[in-house]
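Structural overview for review
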Amino acid sequence: VEWVEKGFDVSDAPRARLGATLAAARTYLADPNGALKAAEIAVDEARKSGDQRAEASALGHAAISWAARGDRHRSRELYEEALNRAEAGGDAAGLPTYLLNLATAHQELGETARALELLERAEEMSRRQGNRSSRVAALSNLGNLLLWLGATEPARKKILTSVTLA
């Protein structure tokens, strides 16, 4: 954390990326308030620079911070915004991750139909991109959600596919 904080003063790295890195570090240290502050700096810096991909990343970190603070609705809003920025910024490789995060936010709010839709979209996109790790995550999450909903056979197929790919 100290090294990243020093980076704001001495580094040529974009401040938005430094802020996002600091937000992640603060999250791992179970400091959601510090993480949120860093993420907000990162969002502001990304917006100033016009870097939509960096803005999407920073918004994702802010969403994590809000979820850790217990505000799942604000977290979902920020994940929606992060997905929109990633799409606008042409971050095709990152889209499955944004979809997975947003699906989790919807699931945590009990919005299972929307979560299923997003997970299926993430799985399909990951498959088309050849992004094995995101596809495995999407299939696993789909399987678990389907199992929770009582759809045992479709859940089994998704989970077995994810295990085979992993």
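Please refer to the structure placed before this passage.
Residues numbered from 1 in each chain as written. Predicted model: local features only at pLDDT ≥ 70, side-chain atom pairs only at ≥ 80, totals over all residues. Heavy atoms only, no water.

Our next topic: the environment of N84. Within the secondary structure, N84 is located in helix α5 (residues 72-88). Given the relative accessible area of 39%, N84 is considered partly exposed. As for N84 and Q52, which are separated by 32 residues in sequence, their C-alpha atoms are 9.2 Å apart. (Helix = DSSP H or I, 4+ residues; strand = E, 2+ residues; numbered from the N terminus. Buried < 20%, exposed > 50% of the residue type's maximum accessible area, 1.4 Å probe, protein only.)

Turning next to α5. In a regular helix each residue adds 1.5 Å, so 17 residues correspond to 24 Å; α5 covers 24 Å between its end C-alpha atoms and thus fits that length. Of the surrounding secondary structure, the elements contacted by the buried residues of α5 are α4 (52-68), α6 (95-108) and α7 (112-129). Two or three places before H73, at the start of α5, stands the capping residue D71, its side-chain oxygen 3.4 Å from that residue's backbone nitrogen. Phi turns positive one or two residues past the end of α5, at G90, with a value near 75°. (Expected span 1.5 Å × (residues − 1). Contact = heavy atoms within 4.5 Å. Polar contact = N/O pair within 3.5 Å; in protein donor to acceptor, adjacent residues only side chain to side chain.)

Attention now goes to the nonpolar core. Core analysis: the largest hydrophobic core is formed by 37 residues, its most contacted members being L78, L83, Y98, L99 and L119. If you list the elements that add at least two residues to this core, you get α2 (15-28), α3 (32-49), α4, α5, α6, α7 and α8 (132-148). In terms of residue count, the dominant contributor to this core is α6 (seven residues). Each residue touching L83, except ones within four places of it in the same chain, is listed here: L95, Y98, L99, L102 and R121. (Core = buried A, V, L, I, M, F, W, Y, C linked by side-chain atoms within 4.5 Å.)

Using the criterion set out here, one finds zero aromatic pairs in the structure. In this structure, R69 packs its charged tip against the face of W66, placed 4.7 Å from the ring centre. (Phe/Tyr/Trp six-rings, centres within 6.5 Å; stacked < 30°, edge-to-face > 60°. Lys NZ or Arg CZ within 6 Å of the ring centre and 35° of its normal.)

Positive phi is not limited to glycine here, since A30 has a value of about 60°. By the element assignment, A30 lies in the loop between α2 and α3.

A separate point is the packing of α8 against helix α9 (residues 152-165). At a closest axis distance of 8 Å, the pairing of α8 and α9 adopts a crossing angle of 155°. In terms of orientation, α8 lies roughly antiparallel with respect to α9. Along this stretch, α8 crosses α9, giving a crossing that reads as left-handed. Residues R132, R135, V136, L139, S140, L142, G143, N144, L146 and L147 of α8 form the contact with α9, whose own contacting residues are T152, P154, A155, K158, I159, T161, S162, T164 and L165. (Axes fitted to C-alpha atoms, helices over the stretch in contact; angles between N-to-C directions. Parallel < 35°, antiparallel > 145°, perpendicular 65-115°, else oblique. Left-handed = near helix turned anticlockwise from the far one by under 90°.)

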